[in-house]
Amino acid sequence: MLLQSSASSYLPILIQGIMALAFVGITMVITHLVGPKRRTIDKLTPFESGISSVGNARSPFSIKYFLVAILFVLFDVEVIFMYPWAVNFRELGGKGMIEMFVFMGMLLLGFFYVIRKGALDWEK
Amino acid sequence: MTSLIIVSVLAVAVLYLGLFKYKTALLPVSVTGLLAAAAMAAMDWDLEKMYFSEMMLFDNYAVAFSILLILTTLLIFGLSRNYFEKISNNVAEYYALMLFALAGGVVMVSFHNLAMLFIGIEILSISLYVLAGIRRKDPASNEASLKYFLMGAFATGFLLFGTALIYGATGSFNLAAIASSGAFESALFRAGVLLMMVGLSFKVSVAPFHTWTPDVYEGSPGLIAMFMATVVKTAGFAAFLRLFLMAFAEASAFWAITVAILCILTLFAGNITAVFQDRFKRLLAWSSVSHAGYLLLAILAVGFSASSAVLVYTIAYSLASVAAFGIMILVSRARGNDHLDSFNGLARTNPFLAFTLTLAVCSLAGIPLTAGFFGKFYVFKVALAQGYTWLVVLAVINAMIGIYYYFKVIIAMYMKENANAVAIQLNPGFRLVLSIVVFLIFLFGIFPGLIANIL
Amino acid sequence: MLTQSLFYFLSFLAIFSALAVIIAKNPVHSVLYLILTFFAITGHYILLNAQFLAIVNMIVYAGAIMVLFLFVLMLLNLNAETEPQKPAYIKIAGVVSGGLLLLVLVGALKTVDVSGAGGTTATDMGLVENLGMVLFNEFLLPFELASVLLLTAMVGAVLIGRREA
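Fair warning: this is a prediction, and the values are worked out from it, not measured in the lab.

### Focus on the overall build of chain C
- A tally of helices and strands in chain C yields six helices and zero strands.
- Starting at the N terminus and ending at the C terminus, chain C contains elements arranged as α-α-α-α-α-α.
- A total of 165 residues make up chain C; the buried ones form 28% of that total.

### Quick look at the overall build of chain B
- Along chain B, the regular secondary structure elements total 20 helices and two strands.
- The globule rule puts the C-alpha radius of gyration for 455 residues at 23 Å, and the 21 Å found for chain B is close to it.
- Taken along its principal axes, the extent of the C-alpha atoms in chain B is 70 × 55 × 40 Å.
- Across chain B, contacts joining residues at least 24 apart in sequence account for 78% of those joining residues at least 6 apart.

### Digging into the interface of chain B and chain C
- Across the boundary between the two partners, chain B contributes 38 residues, which contact 28 residues of chain C.
- Residue assignment for the side of chain B that touches chain C shows that the elements contributing at least two residues are helix H1 (2–19), helix H5 (91–110), helix H6 (114–132), helix H7 (139–170) and helix H9 (187–203) of chain B.
- It is H6(B) that contributes the most residues to the side of chain B that touches chain C, nine residues altogether.
- Partitioning the side of chain B that touches chain C into residue classes produces 23 nonpolar, 11 polar and four charged.

### What about the environment of Ala423(B)?
- Its location among the elements puts Ala423(B) in the loop between helix H18 (389–414) and helix H19 (428–446).
- For Ala423(B), the residues in contact, after removing those within four places along its chain, are Thr349(B) and Asn350(B).

### Description of the interface of chain C and chain A
- Tallying the contact residues gives 44 residues for chain C and 44 residues for chain A.
- Those elements that place two or more of their residues in the side of chain C that touches chain A are helix H2 (27–47), helix H3 (51–75), helix H5 (128–137) and helix H6 (140–161) of chain C.
- For the side of chain C that touches chain A, the leading source of residues is H6(C), giving 13 residues.
- Looking at the side of chain C that touches chain A residue by residue, the class counts come to 32 nonpolar, eight polar and four charged.

### Quick notes on the packing of helix H16 (residues 351–365) of chain B against H19(B)
Residue and element names in this part refer to chain B.
- Taken N-terminus to C-terminus, the directions of H16 and H19 make an angle of 45 degrees; their axes are 10 Å apart at the nearest point. As summarised for this structure, H16 and H19 are arranged oblique, according to the angle between their axes. Both H16 and H19 take part in a crossing whose hand is left-handed. In this structure, H16 uses Thr-356, Leu-359 and Ser-363 to contact H19, whose residues at the interface are Leu-434, Val-438 and Ile-441.

### So, the environment of Ile403(B)
Residues and elements named next belong to chain B.
- Structurally, Ile-403 can be placed in helix H18.
- Taking the C-beta count within 10 Å as the criterion, Ile-403 has 15 such neighbours and is therefore assigned partly exposed.
- As for Ile-403 and Ala-256, which are separated by 147 residues in sequence, their C-alpha atoms are 28 Å apart.

### Examining H19(B)
Residue and element names in this part refer to chain B.
- The first and last C-alpha atoms of H19 sit 27 Å apart over 19 residues, in line with the 27 Å expected at 1.5 Å per residue.
- Taken together, the buried positions of H19 are occupied by Phe-430, Val-433, Leu-434, Val-437, Leu-440, Ile-441, Phe-444 and Gly-445. Projected onto a plane normal to the axis of H19, the buried residues spread over an arc of 130 degrees and lie on a single side. Among the exposed residues of H19, those oriented more than 90 degrees off its buried face are Pro-428, Arg-431, Ser-435 and Phe-439.
- Contact partners of the buried residues in H19: helix H3 (60–78), helix H14 (306–335), H16, helix H17 (371–385) and helix H20 (449–452).

### Digging into the domain arrangement of chain C
All names here are of chain C.
- For chain C, the assigned domains are domain 1 (1–79), domain 2 (86–112) and domain 3 (126–165).
- For domain 1 versus domain 3, the distance between C-alpha centres works out to 23 Å.
- Across the contact, six residues belong to domain 1 and four residues belong to domain 3.
- Tallied by class, residues from the side of domain 1 that touches domain 3 come to four nonpolar, two polar and no charged.

### Some remarks on the packing of H5(B) against H6(C)
- Close contact between H5(B) and H6(C) brings their axes to 11 Å; oriented N to C, the two are set at 150 degrees. When the axis of H5(B) is compared with that of H6(C), the two are roughly antiparallel. H6(C) is crossed by H5(B), and the crossing has left-handed handedness. Side by side, H5(B) and H6(C) meet where Glu93(B), Ala96(B), Leu97(B), Phe100(B), Ala103(B) and Val107(B) of the first sit next to Leu145(C), Val148(C), Thr152(C), Val155(C), Gly156(C) and Leu159(C) of the second.
- Broken down by class, the residue content of the contact of H5(B) with H6(C) amounts to nine nonpolar, two polar and one charged.

### Regarding the confidence of the model for chain C
- In this model, chain C carries an average pLDDT of 83, and 87% of its residues clear a pLDDT of 70 or more.
- The complex model carries a pTM of 0.92, and its ipTM stands at 0.91.

### Looking at H9(B)
- Its 17 residues place the ends of H9(B) 25 Å apart at the C-alpha level, agreeing with the 24 Å of an ideal helix rising 1.5 Å per residue.
- Judged by how many residues are buried, H9(B) sits mostly within the fold: 15 of 17 residues are covered.

Reading the values: the criteria
- Residues numbered from 1 in each chain as written.
- Chains lettered and ligands numbered in written order.
- Predicted model: local features only at pLDDT ≥ 70, side-chain atom pairs only at ≥ 80, totals over all residues.
- Helix = DSSP H or I, 4+ residues; strand = E, 2+ residues; numbered from the N terminus.
- Buried ≥ 20, exposed ≤ 12 C-beta atoms within 10 Å, placed from the backbone.
- Rg over C-alpha atoms; globule rule 2.2 N^0.38 Å.
- Contact = placed C-beta atoms within 7 Å.
- Nonpolar A, V, L, I, M, F, W, Y, C, P; charged D, E, K, R; others polar.
- Axes fitted to C-alpha atoms, helices over the stretch in contact; angles between N-to-C directions.
- Parallel < 35°, antiparallel > 145°, perpendicular 65-115°, else oblique.
- Left-handed = near helix turned anticlockwise from the far one by under 90°.
- Expected span 1.5 Å × (residues − 1).
- Arc of directions from axis to C-beta.
- Domains from an automatic or database assignment.
- pLDDT = per-residue confidence, 0-100.

In structure tokens, the structure reads:
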């Protein structure tokens, strides 16, 4: 049995998205138009805790962020696989449970490895 | 199938052994596990079993190549004692990654569905991208890793695009369903075949998609380069042939001319460039490109005996490569570099090493009485049977060029002297593996029937 | 009718922003255009009724992977004008080979019989429920092997990204 649905079912979501964006857009435009402006040099310099800014924002930063980000992506992909499993949980039954647990087990082993290895320790 | 599970579980087990600091257990556990995996693979012989709704087919082809991959890995592990320790302190991870790569290789030789082919290639490649960059402090190693990754990801894109087009033309990922779909005339299917060919050609370093090979081989540690030249190349060609044999064989009139052109390009690019190399590792890298050319000859002749020819060739090539790369590691460790001059006088200081290397390069060159001769012999035979006489003539010319550059090493070892050369110490692992390789090269060189009639 | 005009709009958006990715001088702009491309493709997935893919594309590609791309850009030093100029013959070779590929693909796709030559006709295949049933029955083995793939990538990331002790 194939479930029925089509692209037009997304129309309400589309409308909601447009509404949300429009709200943000309109608010921004209106505050700009309505609010008072005083363009002095002091007002326009970027505020960095009272210290005058040095250099620009494009400075390379630590590889540690990248490691966290890439591990996040890997687990993100893992979690994505759980959606189709979860919606079919009843139909797949015990067999599906085992199948998913093998998959999860493999990745939990990976997670434990990452923790043990100290890849997420910031100070090391 | 059981062997695939064993290899995957073994990889995780080795990873965790390293995590809990049982460093001494790494090698014994890996070796035992690999032997078990090879034994389990052998149990599937003649069973022709399909697994998981025709995702994998363990026919004799798959079993033979799986065992070859596993045993080659075993030989490489035999050389690895005290090797990774010198490079890094994450020894267990390297064993684990090589085992993961092996699991990918086993998938690649036994797939019966394009989805499995993709997953197998990815598991193999991702492990290798990391392995190529083991030496973190060495810019050449970093460059090798990055170059391999970027080019490999690009090639995977081609492979996936081709897969998608073939699915569009035939409506299935299943090899048997593709073969019986009768969509061979459609332009969609043909474009798909070409794109998949590009992707696979990259993985087995066929010209003009070979440019990464020398840099990656040179930057990677010797043992990893050995792994790339043997296990990866065998798995890649087995997958290439399996795909074209089981799915695209009917359309061979269409793709044969393309493969023939790739074959000529690869042979000449590999052999002629190899002549001008003066570092042994780069020479081996270019020679591995040229060997891809000879193997393409067998793919051209899709048919009953092509798989047998590829099997003989890859066995011979893997054995010779293990010996050649192994001695290259020893020499470059003892003398500081892998320049051909470093091999001067090796025959005087280490007669056994010189003899083994001579045998290995003779096998690579295809001199009679070595396994490599019969590798070339069978490949040429199947190509001739299909009427590719002109191609075989070109290939023989290339084999002649090959003899020239392979003999440069032999001349260095036997004819040239190096006054201050000292004997190189061998550890038992090296001695054992090299002895086995010498024995097997001779055995298969004299009794080729042992391996020629397996498939 | 609405679907068709949406299709043309999304296709235009996808092609335009994909071109902008490679034309933009500033790499950060390239990444932003790439996000736009991914959103357009998500729209296409919805039009094709492949809802699961649409969500995955949104979450994984537009969400996680783009963040990763930005990270990579930030790891590089964008201040230095180190981008080497490619020689003209490489540019020409790139244009020629890319053009040939385009020609082959256009030629191949032009002849496609749209009425579905063996292709799947089940238009509801892309729904999460139906896709899940296929994934956990027919494509079970690739799914399980994907965990091996992810584990390999995890080990590799830790190995390369972590400071050597």
